[in-house]
Amino acid sequence: MILLDSADTIAAIASPPGPAVRGIVRLSGSRALEIAREGFHPSDDRPWSRGAERREGRLTVSGLRSRVPAALILWPGTKTYTGEPTAEIHTIGCAPILEQILADCLARGARLAEPGEFTLRAFVSGRIDLTRAEAVLGVIEASSPAQLDAALAQLAGGIASPIEALRDRLLDVLAHLEANLDFADEPDVDPLGRASLAQEFATASRELHALGERLQGRDRPETRPRVVLAGPPNAGKSRLFNALAGETRALVSAIAGTTRDYLWAEITCDGLSVSLIDTAGTEAPRDEIEVQAQGFRDEQTATADLVLRCISADAHGEYRADGRAGRCLLVVTKADLAIPHRPGAIITSAATGAGLDALRTAIAVSLENAASDAVAGTSARCKDSLIRAGDALQSASLTLTLGGGDELVAIDLRQALDDLGRVVGAVVTDDILDRIFRRFCIGK
């Protein structure tokens, strides 16, 4: 995709599929305004002067296109989403009409846009950085308020702004360090203040490590959070799974170890769509099949957004958390069979339905509170770069503290700048761009 000719004028249907009051055909490129105006019949005899509405660099003209009412909106400058002249034809949201208008634009010299090419052009022209480009897709794919909030915050610069500020600071420091190499024989010269600089780098390192760690495990492309049922055999996991799913999906038996493979169902918890996964009980495997079942369970638990540690109301022994800290809820099952004594647990009964609504609410609250700082694509791409940048700054801080040479500090700063540049797209490769933008739909 990134080898496409940016001199081309591109066009695509930019509105969602399906009937609607309004549909949009979007064009971008040097001939966007010319192609959009061709075949458009203004309702005024002097549309480009008297009959047009002008607002904030935008020109709007009413008329007909393909014999139906339409509005032509033109942005002649470069202060557009793509950084190029842009035009939109707004008309009735009818697929045949929109396809006819698009075909006419293509016949007049435009090229059909590739998936994500409008946003790619915005990145190439410098209108947005790479994290904001990924946030556009995050807004489109958001399936919960928390995901939408994270995407909108990222689109507003929540990740890029502090990283760009840090890169600017490191570039200034690096320039001073390289200039100071001329004074290497004058130990009393310390214009930057090495002690305070070491502390500044140490603080930035901790912040980058913390952000990178928060992004760990939030890097899957799917939009629904994953909730895994885990616990000992015969703890009522499968019965609870069926109750939450609203149908019998898992085999239920008094015989321990009934579940071997893992099962999946989409459920809704207080308006939040989640993937619920039932796994084999935690026990020492007795045969090869159970070894594989335990492996499936460990794999699902390790990648879960939330683990429901299930324990039967009549069970004995201490509770042991499953999954990483902060990602686990203790759920008591079979409350209809015994009086549970588990402080802090959510008490449920699949047989009577008791506690199921409370469990759904607790799942939604836990997932909302654990929302990522970034959309999934950014998390997957950036977590390692952030941690490496933090390591480089930690090394630079240590070198300064121990009195190491400026040239050694400069090496660490260059490494940190490269890694931070990969986050915002200052350092980028074709394969990274292709992986990001091929997930977009055409017209975005």
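Note that the structure is a prediction, hence the values are computed from the model and not measured.

1. A closer look at the overall build of the protein chain
Argument step 1. Secondary structure assignment for the protein chain yields 13 helices and 14 strands.
Argument step 2. Here the contacts in the protein chain between residues at least 6 apart in sequence split such that 63% fall between residues at least 24 apart.

2. Describing the sheet that holds strand β9 (residues 226-230)
Argument step 1. An order of β10-β11-β9-β12-β13-β14 is seen for the six strands of this open sheet, with the pairing classed as mixed. Only two strands of the sheet have a single partner each, and these edge strands are β10 (263-269) and β14 (346-347).
Argument step 2. Bridge count between strand β12 (residues 306-312) and strand β13 (residues 328-333): six bridges; the pairing is parallel. By the bridge assignment, valine 307 is partnered in β13 with cysteine 328.

3. A word on unusual backbone geometry
Argument step 1. The backbone of arginine 67 sits at a positive phi, close to 70°, despite the residue not being glycine.
Argument step 2. Structurally, arginine 67 can be placed in the loop between β5 (58-65) and β6 (68-75).

4. Considerations on the nonpolar core
Argument step 1. Core analysis: the biggest nonpolar cluster contains 30 residues, and Leu170, Phe201, Leu386, Leu393, Leu413 and Leu420 have the highest contact counts within it.
Argument step 2. Breaking this core down by element, the ones donating at least two residues are α6 (160-180), α7 (194-215), α11 (376-401) and α12 (406-424).
Argument step 3. In contact with leucine 170, not counting residues within four places along its chain, are Phe201, Leu393, Leu413, Ala416, Leu417 and Leu420.
Argument step 4. Counting 24 residues, the second-largest nonpolar core is a separate cluster that includes Leu240, Ala265, Cys269 and Leu306.

5. Section: the packing of aromatic side chains
Argument step 1. Throughout the structure, instances matching the rule amount to one aromatic pair.
Argument step 2. The positively charged end of arginine 26 is found above the aromatic ring belonging to phenylalanine 118, 5.7 Å away from the centroid.

6. Regarding the pairing of β10
Argument step 1. With seven bridges joining them, β10 and strand β11 (residues 272-278) adopt antiparallel strand pairing. Within β11, the position partnered with tryptophan 264 by the bridge is isoleucine 277.
Argument step 2. Hairpin geometry of β10 and β11 is characterised by an intervening segment of two residues between the two adjacent antiparallel strands and by a positive phi of about 50° at aspartate 270.

7. Quick word on helix α2 (residues 95-107)
Argument step 1. Over its 13 residues, α2 runs 18 Å from end to end, which matches the ideal 18 Å to within 8%, given 1.5 Å per residue.
Argument step 2. For α2, the set of buried residues is Ile97, Leu98, Ile101, Leu102 and Cys105. The buried side chains of α2 occupy one side of the element, clustering within an arc of 130° when seen end-on. Exposed positions of α2 whose direction lies more than 90 degrees from the buried face are Pro96 and Ala107.

8. A look at the packing of helix α4 (residues 130-141) against helix α13 (residues 430-437)
Argument step 1. Axis separation between α4 and α13 bottoms out at 10 Å; the angle between their running directions is 20°. With respect to their mutual orientation, α4 and α13 come out roughly parallel. On the side of α4, the interface is formed by Leu130, Ala133 and Glu134, while α13 contributes Ile432, Leu433, Ile436 and Phe437.
Argument step 2. Considered class by class, the residues forming the contact of α4 with α13 number six nonpolar, no polar and one charged.

9. Details of α4
Argument step 1. For α4, which comprises 12 residues, the first-to-last C-alpha distance of 17 Å matches the rise-based estimate of 16 Å (1.5 Å per residue) to within 8%.
Argument step 2. A large share of α4 lies buried, amounting to nine of its 12 residues.
Argument step 3. Residues of α4 that are buried: Leu130, Thr131, Arg132, Ala133, Glu134, Ala135, Val136, Leu137 and Gly138.

10. Some details on the pattern of salt bridges
Argument step 1. Throughout the structure, instances matching the rule amount to 15 salt bridges.
Argument step 2. Where salt bridges share partners, they join Asp8, Glu84, Arg111, Glu117 and Arg121 into one cluster.

11. Focus: the confidence of the model for the protein chain
Argument step 1. Here the protein chain averages 80 in pLDDT, while 80% of its residues score no lower than 70.
Argument step 2. When mean pLDDT is taken per element in the protein chain, strand β1 (residues 10-13) scores highest with 96 and strand β4 (residues 53-55) scores lowest with 60.
Argument step 3. Scored below 50 in pLDDT, residues 250-260 makes 27 contacts in the model with residues more than four places away or belonging to other chains.

12. Some thoughts on the pairing of strand β7 (residues 86-93)
Argument step 1. Burial of β7 is extensive: seven of the eight residues sit out of reach of the surface.
Argument step 2. In terms of strand pairing, strand β2 (residues 20-28) meets β7 through seven bridges, oriented antiparallel. Along β7, the bridge assignment pairs alanine 20 with glycine 93.
Argument step 3. As judged from the five bridges shared by β6 and β7, these two strands associate in the antiparallel manner. If you follow leucine 72 over to β7, its bridge partner there is isoleucine 89.

13. Some points on the side chain of threonine 279
Argument step 1. As for its position among the elements, threonine 279 is in the loop between β11 and α9 (288-302).
Argument step 2. Side-chain polar atoms of threonine 279 contact the backbone oxygen of leucine 229, separated by 2.7 Å.

14. Thoughts on a nonpolar patch on the surface
Argument step 1. Taken together, the side chains of Leu106, Leu112 and Ile442 make up a nonpolar region of the molecular surface, amounting to roughly 210 Å² of accessible area.
Argument step 2. Following the sequence through the fold, leucine 106 ends up in helix α2.
Argument step 3. Since its relative accessible area comes to 30%, leucine 106 is described here as partly exposed.

15. Remarks on the environment of threonine 352
Argument step 1. Relative to the helices and strands, threonine 352 resides in the loop between β14 and α10 (356-369).
Argument step 2. Of the residues examined, threonine 352 reaches a relative accessible area of 57% and is grouped as exposed.
Argument step 3. On a C-alpha basis, the gap between threonine 352 and alanine 335 in space is 8.9 Å, while along the polypeptide they are 17 residues apart.
Argument step 4. At a separation of 3.1 Å, a polar atom in the side chain of threonine 352 contacts the side chain of serine 349.

Reading guide: rules and limits
- Residues numbered from 1 in each chain as written.
- Predicted model: local features only at pLDDT ≥ 70, side-chain atom pairs only at ≥ 80, totals over all residues.
- Heavy atoms only, no water.
- Helix = DSSP H or I, 4+ residues; strand = E, 2+ residues; numbered from the N terminus.
- Contact = heavy atoms within 4.5 Å.
- Pairing = 2+ DSSP bridges.
- Core = buried A, V, L, I, M, F, W, Y, C linked by side-chain atoms within 4.5 Å.
- Buried < 20%, exposed > 50% of the residue type's maximum accessible area, 1.4 Å probe, protein only.
- Phe/Tyr/Trp six-rings, centres within 6.5 Å; stacked < 30°, edge-to-face > 60°.
- Lys NZ or Arg CZ within 6 Å of the ring centre and 35° of its normal.
- Expected span 1.5 Å × (residues − 1).
- Arc of directions from axis to C-beta.
- Axes fitted to C-alpha atoms, helices over the stretch in contact; angles between N-to-C directions.
- Parallel < 35°, antiparallel > 145°, perpendicular 65-115°, else oblique.
- Nonpolar A, V, L, I, M, F, W, Y, C, P; charged D, E, K, R; others polar.
- Salt bridge = Lys/Arg side-chain N within 4 Å of Asp/Glu carboxyl O.
- pLDDT = per-residue confidence, 0-100.
- Polar contact = N/O pair within 3.5 Å; in protein donor to acceptor, adjacent residues only side chain to side chain.
- Patch = residues over 30% accessible without salt bridge, like charges linked within 9 Å, V, L, I, M, F, W, Y side chains within 5 Å.
- Areas by Shrake-Rupley, 256 points an atom, 1.4 Å probe, with all protein chains shown as cover.

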